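Notes for the structure review
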Amino acid sequence: MSLNIQRNDQVEVISGADRGKRGRVLRVIPGESRILVEHVRVVKKNVRPNPQRNIKGGIAEQEAPIHISNVLLVCPSCGATRIGHKFEGDTKVRVCKKCGATLAAKSKSKRK
Ligand SMILES: [Zn+2]
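Scope of this entry: the structure provided in the associated data block.

Conventions adopted
- Residues numbered from 1 in each chain as written.
- Predicted model: local features only at pLDDT ≥ 70, side-chain atom pairs only at ≥ 80, totals over all residues.
- Heavy atoms only, no water.
- Core = buried A, V, L, I, M, F, W, Y, C linked by side-chain atoms within 4.5 Å.
- Buried < 20%, exposed > 50% of the residue type's maximum accessible area, 1.4 Å probe, protein only.
- Helix = DSSP H or I, 4+ residues; strand = E, 2+ residues; numbered from the N terminus.
- Contact = heavy atoms within 4.5 Å.
- Donors = N, O, S within 2.8 Å, 3.2 Å for Na, K, Ca; no water.
- Tetrahedral: all angles 85-135°; square planar, octahedral: opposite > 155°, others 65-115°.

1. Some details on the nonpolar core
By size, the foremost hydrophobic cluster in this structure holds 15 residues, and its most contacted members are Ile5, Val11, Ile35, Val37, Ile66, Val71 and Leu73. Elements supplying a minimum of two residues to this core: strand 1 (10-13), strand 3 (34-37) and strand 7 (71-75). It is strand 7 that provides the largest number of residues to this core, a total of 3 residues. Once you skip the residues sitting within four places of it in the chain, Leu73 turns out to touch Ile5, Asp9, Gln10, Val11, Gly79, Ala80, Thr81, Ile83, Arg94 and Leu103.

Written out as structure tokens, the structure reads:
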């Protein structure tokens, strides 16, 4: 099964404690079908100081992976949506199942 979610996608969480939150996909872990979403499932971690790597001790906040079945891709016009596929020439693209808009990956964008 291929993953419909890619890095830098805008997704909405549809279950769990962070339900309704939206964020950008920071990382995809294909082997586990899990993703890291910015500001979603943030956990506090105690960090030990490590002077060699210039890390100060204390409490750091970090996103924990969530399963891709817990998120939906966000369509710019419809909001959270299911994804379909179609071919544009030889390229398979993702489309919004509601309005049919092409949902291109924004991986080349430098904007945050
Ligand atoms: Zn749409």
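Anyway, onward from the coordinates.
2. Observations regarding the coordination of the zinc ion
Coordination sphere of the zinc ion, protein contribution only: Cys75 (SG), Cys78 (SG), Cys96 (SG) and Cys99 (SG), at 2.2 to 2.4 Å. Metal-centred angles of 105 to 114° between the 4 donor atoms at the zinc ion mark the site as tetrahedral. Considered as a linear motif, the donors of the zinc ion on their single chain read C-x2-C-x17-C-x2-C. On the basis of relative accessibility, which here comes to 2%, the residue Cys75 falls in the buried class. By relative accessible area, Cys78 is classed as partly exposed at 28%.

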